[in-house]
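Observations on the model geometry
Residues per chain, in single letters:
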Amino acid sequence: MPTKVAIIGAGGMLEHHASGFLTAGAEIVAIADVNPESAAKAAEQYDVPVVFDNPETMLQESDCDAVSIIVPNKFHAPLAIDCLAAGKHVFCEKPPAMNAAEVRQMIAAAEASGKRLMFNFNNRARPESYAMRELIENGTVGRINSAQAKWIRRTGIPGFGGWFTTKAMSGGGPLIDLLHMVDLAMYFMGYPEPAHVLGQTFRDLINDTSFKGPWGIPDNADGITDVEAAAHGMIVFKTGQILMLQASWAEMVKREEVSVVFQGSQAGGKVERLFEKDGLDETAIDTCELYVQKDGASVNRTIEVEDCPDMGRSRSAANFVRTIEGSEQPLNTPDQALSLMQVIDAIYQSAETGQPVSL
Ligand SMILES: NC(=O)c1ccc[n+]([C@@H]2O[C@H](COP(=O)([O-])OP(=O)(O)OC[C@H]3O[C@@H](n4cnc5c(N)ncnc54)[C@H](O)[C@@H]3O)[C@@H](O)[C@H]2O)c1
């Protein structure tokens, strides 16, 4: 019997979830969206038999094993908790929630129900990340002492006054939205426990319409834009490892860059995406490299992997289905999501107080 998945939220990310679930052999049995037109359109595209205009009715009436949550960040925790309480496995979009306190509640709900809770940290599912993890696991890299995580956009504000730029809906700006590279760096580093965090956020350009990105959601003239445009920070882990981070939607940088660079005791490395056209994944220029010292000489190795324009999004959704079916190991755990949100919370706290935060 195929795994039956229901989807909440028929916005921009649904296509990647649907593609991954179908690739893994699952069946999409229902779609719920508060905008019934969006739900109906997606249902037609993916031949889904039932649509709902709210998630609550879907949970009561739909016979599904798992639910995929693809809605604005404010709704991640309450919906995940409802789904878990109804006995469903949950695949939730990033960020895991608005803050670490909410992630703790989600974890408690997962433990109470015995169901799987996973998050869409899709960059872990990129071919580059699989290749790099193998080099880390087989000892080629040694211990990663230090890393730098960046997702920086020069003109990438995803619309003004919509949910992305309203803190009460999103939890914050690029720091929380573009947390992928911080997650990927911590994943490569073995998800060490954070000890101290120091950060700063900047709002200079957040209301400048010339910094709007080529994607996102429509502007809402009556809406609120109260999040940061850029964030910088440093995390020292209990192991002594250290991570620097930079995330921006609007910042005076040359071009969009998405990267994790690390320095290990045996080798350094880089997973990087640049763009011919900022923000358009189909114009990606991906690089995966390893830096070693061999026979007294510096050697840079290019790691060849297959192209993956969607940044692992479909593969990540497939991993969720295969995990609940028992044929793959999960690409992420709730404890890692908690640790990541603690770091994000601490950077916002440090920015607000001007003080380092100890965890
Ligand atoms: N992993 C990635 O690469 C990636 C990329 C973009 C967005 N995201 C995440 O995906 C989530 C959704 O983003 P998006 O770009 O698809 O947003 P979107 O605004 O395009 O779509 C959200 C959809 O959810 C619906 N919705 C809102 N509240 C709802 C509710 N309470 N119940 C049911 N439906 C509801 C809206 O009507 C809309 O159709 C966000 O958490 C975002 O951070 C992830």
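Now for a look at the structure at hand.

Cut-off values and rules
- Throughout this document, residue positions are counted from 1 along each chain, in the order its sequence is written.
- In view of the model being predicted, local features appear only for residues whose pLDDT reaches at least 70, and side-chain atom pairs are presented and counted only at 80 or more, with totals across whole chains, interfaces and linings using the full set of residues.
- A pair of strands is considered paired only if DSSP assigns at least 2 bridges between the two.
- To qualify as a helix, a DSSP run of H or I must reach at least 4 residues; to qualify as a strand, a run of E must reach at least 2; elements of each kind are numbered from the N terminus.
- In this analysis, residues qualify as near a molecule or strand once their C-beta atom, positioned from backbone atoms, comes within 6 Å of it.
- Each residue is assigned to one class: nonpolar for Ala, Val, Leu, Ile, Met, Phe, Trp, Tyr, Cys and Pro, charged for Asp, Glu, Lys and Arg, and polar for all the others, Gly among them.
- Each nonpolar core comprises buried Ala, Val, Leu, Ile, Met, Phe, Trp, Tyr and Cys residues, the members being joined through C-beta atoms within 7 Å.
- Here the C-beta atoms are placed from the backbone, and a residue counts as buried if at least 20 other C-beta atoms lie within 10 Å of its own, exposed if 12 or fewer do, and partly exposed otherwise.
- The domain limits used here are those given by an automatic or database domain assignment.
- Here, residues touch in the contact sense if the C-beta positions derived from the backbone fall within 7 Å of one another.
- Structural elements are reduced to axes, namely lines fitted to C-alpha atoms, with helices fitted over the stretch in contact, and the angle between N-to-C directions of any two is expressed from 0 to 180 degrees.
- Geometric relationships in this document are graded by angle, where less than 35 degrees denotes roughly parallel, more than 145 denotes roughly antiparallel, 65 to 115 denotes roughly perpendicular, and other angles denote oblique.
- Crossings are classed by handedness, with left-handed meaning an anticlockwise turn of the near helix from the far one by less than a right angle and right-handed meaning a clockwise turn.
- Helix span, expected: 1.5 Å multiplied by one less than the number of residues in the helix.

Some thoughts on the sheet that holds strand 9 (residues 230–237)
Strands sit in the order 14-13-12-11-7-10-9-8-15 across an open sheet of nine strands; the sheet is mixed. Lying at the two open borders of the sheet, with one neighbouring strand each, are strand 14 (297–302) and strand 15 (357–358). The sheet contact formed by strand 7 (residues 144–152) and strand 11 (residues 257–264) spans eight bridges and is antiparallel. Across the sheet, residue A147 finds its bridge partner in strand 11, namely F262.

Some words on the site of the ligand
Close contacts around the ligand come from 24 residues, with G9, G11, G12, N35 and E93 the closest. In the shell around the ligand, the residues fall into 11 nonpolar, eight polar and five charged.

Comments concerning the nonpolar core
Counting 107 residues, the largest nonpolar core has A30, A80, A185 and F188 as its most contacted members. Looking at this core element by element, the count peaks at nine residues for helix 11 (residues 334–353). There are two domains that each give this core at least three residues, and those are domain 1 (4–119) and domain 2 (123–309 + 338–358). If we skip the residues at most four places from it in the chain, A30 touches A6, V48, V50, V51, F52, M58, S62 and C64.

So, the packing of helix 5 (residues 100–113) against helix 11
Contact geometry of helix 5 with helix 11 gives a least axis separation of 8 Å together with a crossing angle of 165 degrees. With respect to helix 11, the element helix 5 is oriented roughly antiparallel. Of the two possible hands of crossing, helix 5 and helix 11 adopt the one that is left-handed. Every residue of helix 11 that contacts helix 5 at A100, V103, R104, M106, I107 and A110 is listed here: P334, A337, L338, M341, Q342 and D345. Here the contact of helix 5 with helix 11 is built from residues that sort into nine nonpolar, one polar and two charged.

Digging into helix 11
Over its 20 residues, helix 11 runs 28 Å from end to end, which matches the ideal 28 Å to within 8%, given 1.5 Å per residue. Counted residue by residue, helix 11 has 14 buried out of 20 residues, so it is predominantly covered. Where helix 11 terminates, the next one or two residues include G354, which has phi positive at roughly 75 degrees.

Thoughts on the sheet that holds strand 2 (residues 27–32)
Spatial ordering of the open sheet is given by 3-2-1-4-5-6, a layout of six strands whose pairing is parallel. At either margin of the open sheet sits one strand with a lone partner, and together these are strand 3 (50–52) and strand 6 (117–119). Averaged over all neighbouring strand pairs, the angle between strand axes comes to 20 degrees, with direction disregarded. Examined bridge by bridge, strand 1 (residues 4–8) and strand 2 share five bridges and lie parallel to one another. Looking at the pairing, A6 lines up with A30 of strand 2. Contacting strand 1, strand 4 (66–69), strand 5 (89–92) and strand 6, helix 4 (residues 76–85) runs over the sheet at an angle of about 165 degrees to strand 5.

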